[in-house]
Amino acid sequence: ASLLVLRDGPAGPEVLMGQRGAGHRFMPNRLVFPGGAVDPGDAAMPAAAEPRPDVLAMLSRGARPRLARALVCAAARELQEETGLTLGDAPHLDRVDYLCRAVTPPSSPIRFNARFLVVGAQDVSGAIQGSGELENLRYLSVAEAMALDLALVTREVLERLQHWLALPPADRATRTRLDVFKKRRWRLE
């Protein structure tokens, strides 16, 4: 689960990103969003507010309901671990929205089935302080990030973010089709 933290900037929307260290086995030296694997305890994480029903419904289309909630919890936990930012001591999971899913091609030596979630910077608190897992944490405008040498999936997620941002907020919560990047192209499921 990855969490895109968004804020308004002078050049348009900005997203929090950091660079993975050179020693990482997966995507070393790449600019990414905070995130990581679901841990066993994520499913039982206490929350101040549960994920919205529309978010859980979209996540449940590719995961069991318990895993759907755990994905939102994992994104909140990874955000805090990697950036120092938090959705609260008991996180307010209702502030998280669903963006898209990406699955690595079968030929990839390291596989993932990632869910990309979104939260507004106004809904997180704390000071950005890296844990060492992500370096050079900073907000980049979407345009600035797109001009960099990004991994294909990161670029595709930023493009999907631009489409999502163009939707009226009410339409975001009523989507019925799931955007999935699979076999190097977008599909609606």
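Residues numbered from 1 in each chain as written. Predicted model: local features only at pLDDT ≥ 70, side-chain atom pairs only at ≥ 80, totals over all residues. Heavy atoms only, no water.

Focus on the overall build of the protein chain
Of regular secondary structure, the protein chain possesses 5 helices and 8 strands. Traced from its N-terminal end to its C-terminal end, the protein chain shows the element sequence β-β-β-α-α-β-β-β-α-α-α-β-β. Within the protein chain, the proportion of its 189 residues that are buried is 49%. In the form shown here, the protein chain has an accessible surface area of approximately 9000 Å², with 52% of it arising from carbon and sulfur atoms. (Helix = DSSP H or I, 4+ residues; strand = E, 2+ residues; numbered from the N terminus. Buried < 20%, exposed > 50% of the residue type's maximum accessible area, 1.4 Å probe, protein only. Areas by Shrake-Rupley, 256 points an atom, 1.4 Å probe, with all protein chains shown as cover.)

Description of helix H2 (residues 65-83)
For H2, with 19 residues, the first-to-last C-alpha span of 27 Å sits near the 27 Å given by 1.5 Å per residue. Downstream of H2 by a residue or two, Gly-84 has a phi angle that is positive, lying close to 85 degrees. (Expected span 1.5 Å × (residues − 1).)

Let's talk about the packing of aromatic side chains
Within the structure shown, the criterion is met by 1 aromatic pair. A centroid spacing of 6.2 Å and a plane angle of 80 degrees characterise the contact between Phe-33 and Phe-116, whose relative ring orientation is edge-to-face. One end of the pair, Phe-33, is in the loop between strand S3 (31-32) and helix H1 (53-59); the other, Phe-116, is in strand S5 (residues 113-120), and 83 residues separate them in sequence. Neither Phe-33 nor Phe-116 differs from the other in exposure class; each is buried. A cation sits over an aromatic face here: Arg-172 above Trp-164, 4.2 Å from the ring centre. (Phe/Tyr/Trp six-rings, centres within 6.5 Å; stacked < 30°, edge-to-face > 60°. Lys NZ or Arg CZ within 6 Å of the ring centre and 35° of its normal.)

Re the environment of Arg-20
Examined against the element boundaries, Arg-20 turns out to sit in strand S2 (residues 12-20). Of the residues examined, Arg-20 reaches a relative accessible area of 15% and is grouped as buried.

Looking at the pattern of salt bridges
All chains considered together, the criterion is met by 10 salt bridges. For Asp-54, the salt bridge goes to Arg-52, with nearest N and O atoms at 2.8 Å. Residue Arg-52 is classed as partly exposed on the basis of its relative accessible area of 23%. Where Asp-179 meets Arg-160, a salt bridge forms, and the shortest distance between an N and an O atom there is 3.8 Å. A residue pair is termed long-range when its members are at least 10 positions apart, and Asp-179 in strand S7 (residues 179-182) and Arg-160 in helix H4 (residues 152-166) qualify at 19 residues. No difference in accessibility class separates Asp-179 from Arg-160, as the two residues are buried. Salt bridges here are not isolated pairs; linked through shared partners, they connect Asp-39, Asp-42, Arg-77, Glu-78 and Glu-81. (Salt bridge = Lys/Arg side-chain N within 4 Å of Asp/Glu carboxyl O.)

Quick look at the pairing of strand S8 (residues 185-188)
Bridging between S7 and S8 involves 4 bridges; their strand directions are antiparallel. Paired with Asp-179 across the two strands is Leu-188, which belongs to S8. Counting the residues in the hairpin turn of S7 and S8 gives 2 residues, including Lys-183, whose phi is positive at 55 degrees. (Pairing = 2+ DSSP bridges.)

Examining the pairing of S7
Across 3 bridges, strand S4 (residues 97-103) lies against S7 in parallel orientation. Across the sheet, the residue bridging to Arg-101 is Val-180, located in S7.

Let's talk about the nonpolar core
The nonpolar side chains of soluble globular proteins are, as a tendency, buried together. Ranked by internal contacts, the top residues of the largest apolar core, which has 30 residues, are Leu-3, Val-5, Leu-59, Val-72, Tyr-98, Leu-117 and Val-124. Those elements that provide at least two residues to this core are strand S1 (2-9), H1, H2, S4 and S5. Broken down by element, this core gets its largest block of residues, 8 residues, from H2. Look past the residues within four positions of Tyr-98 in its chain and what remains in contact with it is Val-55, Met-58, Leu-59, Arg-115, Phe-116, Leu-117, Trp-164, Arg-175, Leu-178 and Asp-179. Leu-4, Leu-6, Leu-31 and Ala-102 belong to the second-largest nonpolar core, a separate cluster that totals 24 residues. (Core = buried A, V, L, I, M, F, W, Y, C linked by side-chain atoms within 4.5 Å. Contact = heavy atoms within 4.5 Å.)

As far as function goes, none of this settles anything; it's purely spatial.
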